[in-house]
Amino acid sequence: MRRLRSVCSALVIAVSITLLVACGGGGSGSGSGSKAPVSPPPSISGLSTAQAVVGQAVQVDVNSESSAGNPTVSVRIVSVPSGSSLSGVELSGSSVEVTFDVTGFYQLEAKVTDSAGSVSKRFDLEVINNNPVAQVAGPDRANLLSPLYLNASLSYDPDLHGLTYEWRLVEKPAGSNMPQALGQAATLELLPDVKGLYLVSLTAIDAYGASNTTEFAFTTSAFKFRRFIFNVVDAVYSDAHDAVVAVGDDQKFYVYSMETHATRALTLAHPGTSVSVLPDGSKAAVGHDGFISIIDLSAMAVESVMPVSTDVFDIEIATNGFVYAMPKTDQWESLRSLKMDTGEEFQSGGYSVRAGTVMKMHPTQQSIYGANRGLSPSDIEKYDISAGAPSYLYDSPYHGNYAMCGDLWISRDGLRIFTRCGNVFRSSDVREQDMLYNGSLDLVQNIASLSHFGEKVAYIDSGETDKIAYYGYSVLTPKGKAELPVEITNGESYRVDGRFVFHRPDGQEIVLAQVDASAGYLRDWGVAYLPSEVETFNLPPVAIADANSYANINEELLVSAEQSLDPEGASLSYQWELQSRPSDSISELVNADASVVSFVPDIKGEYTLRVKVNDGEMDSAYTTVKVTAEDPADKRLLALDFEVLASTFSVSRNQLVLSASSPARLVLVDVETLERREIALGASAAVLSLNPAGNKAAVAYGNTVAIVDLVGASVISTFSVSAPVIDLVLPDNGYVYVFPASDQWTRITTIALDTGVQQQHQGNYIRAGTRVDLHPSGKFIYGADNGLSPSDIELYDIQAGNAVYVKDSPYHGDFAMCGDVWVAENGESLFTRCGNVFKANPGQADDMIYRGALNLNGAAIGSLSQSGDELAILLEPRYSHTGEQELGHTINLFSHASNSFVRSIDIPATLVGDVAYHNYGQNIFHTADGTLVAIVKVNSAAGKIFEYSLFIYSR
């Protein structure tokens, strides 16, 4: 280069400027012979990546420089690992996408060409494959001969390659016939055939041969678990039927066959509290609050429903034709018995029994043993039933020596009694040898349930309810424990807790158990049993729909069957039908193949829907829902322009009688025409009574009682009495009966209407503040005292004119009365403010005998009206100190026959501007045609001068 420059220098001196230009020199001038500068050739500095993943497209960029511009770039694969098909592949462009098909080292040659020349360069690139990750999802506990599903779907490949699987059995219990190679699907179905530990391996393999193996262990119980379609309140076992006999929490009676796993159900008149079955399986008895049902098991029908003078805590049915009921409440009580063919009630003789005592029938059917609760120390005792009516015999010879703990079980041979605390006693016909201590079971806590068969005693310990424990019988020695099964749903296993244990006729034990609440089941009870073979039968599903309901016309109603279930857990399809509708209705179901159906009732009346479900193979039976559509226009709220101090109603005249103030008067309202008449009073009256004929009223203000002729619209007489008045009774016998509001122990004042002569009632004093109601016979009055604890009800005879105190109820705090009473229109029932119901049979031995209760959820009755089977009730707080409670703005309807809740009716609100204020019921009545009439008062926050309205609900 230096040499060339020297030559050029010489030329600059010797030749023309043209040559100088040719040699690279130059001056400031230009001419036609000048040329552009020469660009250097292109260069390559490298590739954008030196590593790629097999099977995954990768972008390879060639990093190059070109001064000349417009280069062409290419990449050629010049060297590949064995097995690759990419050798010699050439790709154009400075950025190319390559999918390498084999792992290993590749050599790529990059080439860049432009007008200044061409350059190429080779680079090494490694192609790798990361191992997949094998993961098993599934429960770690399984049930014998029940499908267990393990899933590989959580496995993954970091390189996003597709995976295949291999399942193998690594370890299994002795005796298992499960094969070693288990399958290659993502989901594995296993059928454990022996209880014990199983170890399974899963190998996940990607498309290029990389693999990963993991292991998964699960334990199999000796039991299988099958869920019921009902929840259990109480249950016994019938050897004759090889079936569980139970009462559910849905007011139904169930028989569940252990042979076929089929369920039979029967609707009861009342919610069940307890159940018992005869040894031959012919009949069962169900206890209720105030009633006992006898069930014919062959016909699966209710044979009779008999009233009993107690809420039934426990029940035993005997072969002697009697059924025995243990009271639920009170302290010291009598054991009840009913003769099944007549319903005649007997009470135990001898010592009293403790309410809440648990009973068990002795196998001889000659006696019953009981374990009392609520006493310290607890004890066991014996009742003789050989003559039918029960008789208390004696208790154990111990007093705190051995804990009994309030429950007991009798062995099948009748020789041993097992108590809840684990202490065991002999049973004998000889008193000196009866209930003698005979050993004990070693417990974690207490016995929850126990069953005996042959040489085996099986029990559930309340300290570990997920197990069943065993003892020898002849010699009380522990024989081990077994894990109860699990409930498996959606790939998760949930603990089940044993509640009842029974033995089948073949000696196999079964356990009624409850699934842990975390599973979220509405019906969480089922049976754990020992399967002898793989069960291949398919039980039909069960359609469960919403209860009967009420709706407004022209408003959408949703009816659900989402609680339907399949015993095998299969998915369900649904088929709804509108079975009937009122004539002229054009309503149709929407989404009749969905779990929730909708429709809009367009006409008042009854609509009948039915639904069945299918599990893919079998249909369920239909279940029916009745919807009663109502017209909101039938609910009228009519404002009154006066304050109502008291109110009553004449059914015969269809007339409301209201006591109003400012000015003091009676306002008579015809419910049909709403026409009003008024009768002036001497003062505002807060106490009002109507005679049965409806033509006269008695009112009280201060110490004055006035008799009002409602037809003639005038006050016809007034009487002064010695004390302020809280209640009045005006029969059609020519007298008025006055009940004082003040003083403590006082007397009823009887006033003869024709002479004004006053008499004090005969017999025991009454309590001031007593509330009363006339019996429909017109011969008796029932009263409910106030200001006493415990409160009570009582009877007064008025047949001779002057009132005579007859008696109070046979109870003393057993059942709350709460200070008010209403007599049924047929005169056969008494309803007390706290909701307890009693028989009304004035002057007879069974008068005021307990007959069940209305479930008021802790509230009290403020007003009650009865028509036929319907009880209409306005609720109020039970205690005045409970403060404001949202009660009284609905009318609650109950069934008189069953004491069961039917429905609630909202009282319309009053609008003041844009704000709605509740109206609260003060008094409720039925008209002759069943129309409901209520006196209501708006919330004082509404700020209205006149707060009372008349609510009329025509149906």
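Residues numbered from 1 in each chain as written. Predicted model: local features only at pLDDT ≥ 70, side-chain atom pairs only at ≥ 80, totals over all residues. Heavy atoms only, no water.

1. Notes on the overall build of the protein
Inference 1: Counting its regular elements, the protein contains two helices and 83 strands.
Inference 2: Rg of the C-alpha trace for the protein: 45 Å, well past the compact-globule value of 30 Å for 955 residues, more than 25% over.
Inference 3: Dimensions of the protein, computed from the C-alpha atoms along their principal axes, are close to 170 × 85 × 55 Å.
Inference 4: When burial is assessed residue by residue, the protein has 50% of its 955 residues classed as buried.
Inference 5: Within the structure as shown, the protein displays about 42300 Å² of accessible surface, and the carbon and sulfur contribution to it stands at 47%.
Inference 6: Each charge class in the protein can be summarised by its mean position, and for the 63 positive and 110 negative side chains these summaries are 4 Å apart. (Helix = DSSP H or I, 4+ residues; strand = E, 2+ residues; numbered from the N terminus. Rg over C-alpha atoms; globule rule 2.2 N^0.38 Å. Buried < 20%, exposed > 50% of the residue type's maximum accessible area, 1.4 Å probe, protein only. Areas by Shrake-Rupley, 256 points an atom, 1.4 Å probe, with all protein chains shown as cover. Lys, Arg positive; Asp, Glu negative; His and termini not counted. Charge placed at Lys NZ, Arg CZ, Asp CG, Glu CD.)

2. Describing the sheet that holds strand 62 (residues 735-740)
Inference 1: Spatially, 61-62-64-65 is the arrangement adopted by the four strands of the open sheet, whose pairing is antiparallel. Lying at the two open borders of the sheet, with one neighbouring strand each, are strand 61 (725-729) and strand 65 (758-760). Between one strand axis and the next, the sheet turns through 25° on average, direction left out of account.
Inference 2: The sheet contact formed by strand 61 and strand 62 spans four bridges and is antiparallel. The residue bridging L728 from the neighbouring strand is V738, located in strand 62. (Pairing = 2+ DSSP bridges. Axes fitted to C-alpha atoms, helices over the stretch in contact; angles between N-to-C directions.)

3. Considering the state of the cysteines
Inference 1: What the rule picks out here adds up to two disulfides.
Inference 2: The side chain of C405 participates in a disulfide bridge whose partner is C421; the two sulfur atoms lie 1.3 Å from each other. Of this pair, C405 sits in the loop between strand 33 (391-395) and strand 34 (408-410) while C421 sits in the loop between strand 35 (416-419) and strand 36 (423-426), and the two are 16 residues apart along the sequence.
Inference 3: With relative accessibility at 23%, the residue C405 sits in the partly exposed group. (Disulfide = S-S within 2.5 Å.)

4. Some details on the nonpolar core
Inference 1: Among the nonpolar cores identified, the biggest contains 22 residues, and V62, V98, F100, Y106 and L108 are the most heavily contacted of them.
Inference 2: Of all elements in the fold, only strand 1 (43-47), strand 3 (58-65), strand 4 (72-79), strand 6 (95-98), strand 7 (104-114) and strand 8 (117-128) reach the threshold of two or more residues within this core.
Inference 3: The greatest single-element share of this core, amounting to four residues, is contributed by strand 7.
Inference 4: Those residues in contact with Y106 that sit more than four places away from it in its chain are I77, S79, V80, P81, S84, L86, F100, D101, F123, D124, L125 and V127. (Core = buried A, V, L, I, M, F, W, Y, C linked by side-chain atoms within 4.5 Å. Contact = heavy atoms within 4.5 Å.)

5. Some points on the environment of P147
Inference 1: Assignment of secondary structure puts P147 in the loop between strand 9 (141-143) and strand 10 (148-151).
Inference 2: When sequence neighbours within four positions are dropped, the list of residues in contact with P147 reads E189, L190 and L191.

6. Considerations on the sheet that holds strand 31 (residues 367-371)
Inference 1: The strand order 30-31-32-33 describes an open sheet built from four strands, whose pairing is antiparallel. Whereas interior strands pair on both sides, the edge strands pair on one side only; in this sheet they are strand 30 (358-361) and strand 33. Adjacent strand axes in the sheet meet at a mean angle of 30°, parallel and antiparallel pairs treated alike.
Inference 2: Of the pairings in the sheet, the one linking strand 31 to strand 32 (residues 380-384) comprises five bridges and is antiparallel in character. In the strand pairing of strand 32, G370 is matched with E381.

7. Focus: the pairing of strand 43 (residues 492-503)
Inference 1: As paired elements, strand 42 (residues 486-489) and strand 43 share four bridges and run antiparallel to each other. Bridge pairing in strand 43 links I488 to S493.
Inference 2: Counted between consecutive antiparallel strands, the loop separating strand 42 from strand 43 contains two residues, among which N490 sits at a positive phi close to 50°.
Inference 3: Note: strand 43 against strand 44 (residues 509-515), seven bridges, orientation antiparallel. Counterpart to G498 in the pairing with strand 44 is A513.

8. A word on the side chain of S74
Inference 1: Checked against the element boundaries, S74 lands in strand 4.
Inference 2: Contacts of S74, omitting those with residues within four sequence positions, involve E90, L91, S92, G93, E109, A110 and K111.

9. Things to note about unusual backbone geometry
Inference 1: In the segment running from S662 into P663, the intervening peptide bond is cis, with an omega of 0°.
Inference 2: Among the structural elements, P663 can be located in the loop between strand 54 (655-660) and strand 55 (665-670).
Inference 3: Cis rather than trans, the peptide bond between S789 and P790 has omega equal to 0°.
Inference 4: Phi at N70 is positive, roughly 50°, even though this residue is not glycine.
Inference 5: In this fold, N70 is placed in the loop between strand 3 and strand 4.
Inference 6: In the Ramachandran plot, N899 falls in the positive-phi region, its phi being about 65° despite a non-glycine side chain.
Inference 7: Following the sequence through the fold, N899 ends up in the loop between strand 77 (890-895) and strand 78 (901-906).

10. Remarks on the pattern of salt bridges
Inference 1: Summed over all chains, the structure comprises 31 salt bridges.
Inference 2: With a closest N to O distance of 2.7 Å, R336 and E333 form a salt bridge.
Inference 3: By relative accessible area, which is 3% here, R336 ends up buried.
Inference 4: Exposure remark for E333: the relative accessible area of 7% places this residue in the buried category.
Inference 5: For E509, the salt bridge is made with K456, and the minimal N-O distance between the two is 3.0 Å. (Salt bridge = Lys/Arg side-chain N within 4 Å of Asp/Glu carboxyl O.)

11. Details of the packing of aromatic side chains
To describe a pair of aromatic rings, you give the distance between the ring centres and the angle between the ring planes.
Inference 1: Summed over all chains, the structure comprises 30 aromatic pairs.
Inference 2: Considering the side-chain rings of Y402 and F425, the 6.1 Å spacing of their centres and the 75° angle between planes classify their relative orientation as edge-to-face. Of the two residues, Y402 sits in the loop between strand 33 and strand 34 while F425 sits in strand 36, which places them 23 residues apart along the sequence.
Inference 3: Judged by relative accessible area, Y402 falls into the partly exposed class, the value being 25%.
Inference 4: For the pair F951 and Y953, a centre-to-centre distance of 6.4 Å together with 15° between the ring planes defines the contact as stacked. Of the two residues examined, F951 and Y953, each falls in the buried class.
Inference 5: Taken together, F228, F230, Y254 and Y256 form an aromatic cluster joined through their ring pairs.
Inference 6: Of note, R354 hangs over the ring of W332, and the distance from its end group to the ring centre comes to 5.1 Å. (Phe/Tyr/Trp six-rings, centres within 6.5 Å; stacked < 30°, edge-to-face > 60°. Lys NZ or Arg CZ within 6 Å of the ring centre and 35° of its normal.)

12. Focus: the side chain of D727
Inference 1: Position of D727 among the secondary structure elements: in strand 61.
Inference 2: The buried charged residue D727 lacks any salt bridge partner; its closest oppositely charged side chain belongs to R771, at an N-O distance of 4.7 Å.
Inference 3: Excluding anything up to four places from it in sequence, D727 contacts V687, Y737, V738, F739, T770, R771 and V772.

13. Let's talk about the environment of A686
Inference 1: One can find A686 in the loop between strand 56 (676-680) and strand 57 (687-690).
Inference 2: You can call A686 exposed: its relative accessible area is 54%.
Inference 3: Distance from A686 to S659, taken between C-alpha atoms, is 7.0 Å for residues 27 residues apart in sequence.
Inference 4: With sequence-adjacent residues up to four places away left out, A686 is seen in contact with L645, A646 and A700.

14. So, the environment of V277
Inference 1: Within the fold, V277 resides in strand 21 (residues 274-277).
Inference 2: C-alpha of V277 to C-alpha of D239: the two residues are 38 residues apart in sequence and 9.9 Å apart in space.
Inference 3: Ignoring any residue separated from it by four or fewer positions in sequence, one finds V277 in contact with V236, Y237, S238, K283, A284, L297 and I317.

15. Quick word on the confidence of the model for the protein
Inference 1: Averaged over all residues, the pLDDT of the protein is 91; the fraction at 70 or higher stands at 95%.
Inference 2: This stretch, residues 1-32, has a pLDDT under 50; its non-local contacts, to residues over four places away or in other chains, come to seven contacts. (pLDDT = per-residue confidence, 0-100.)

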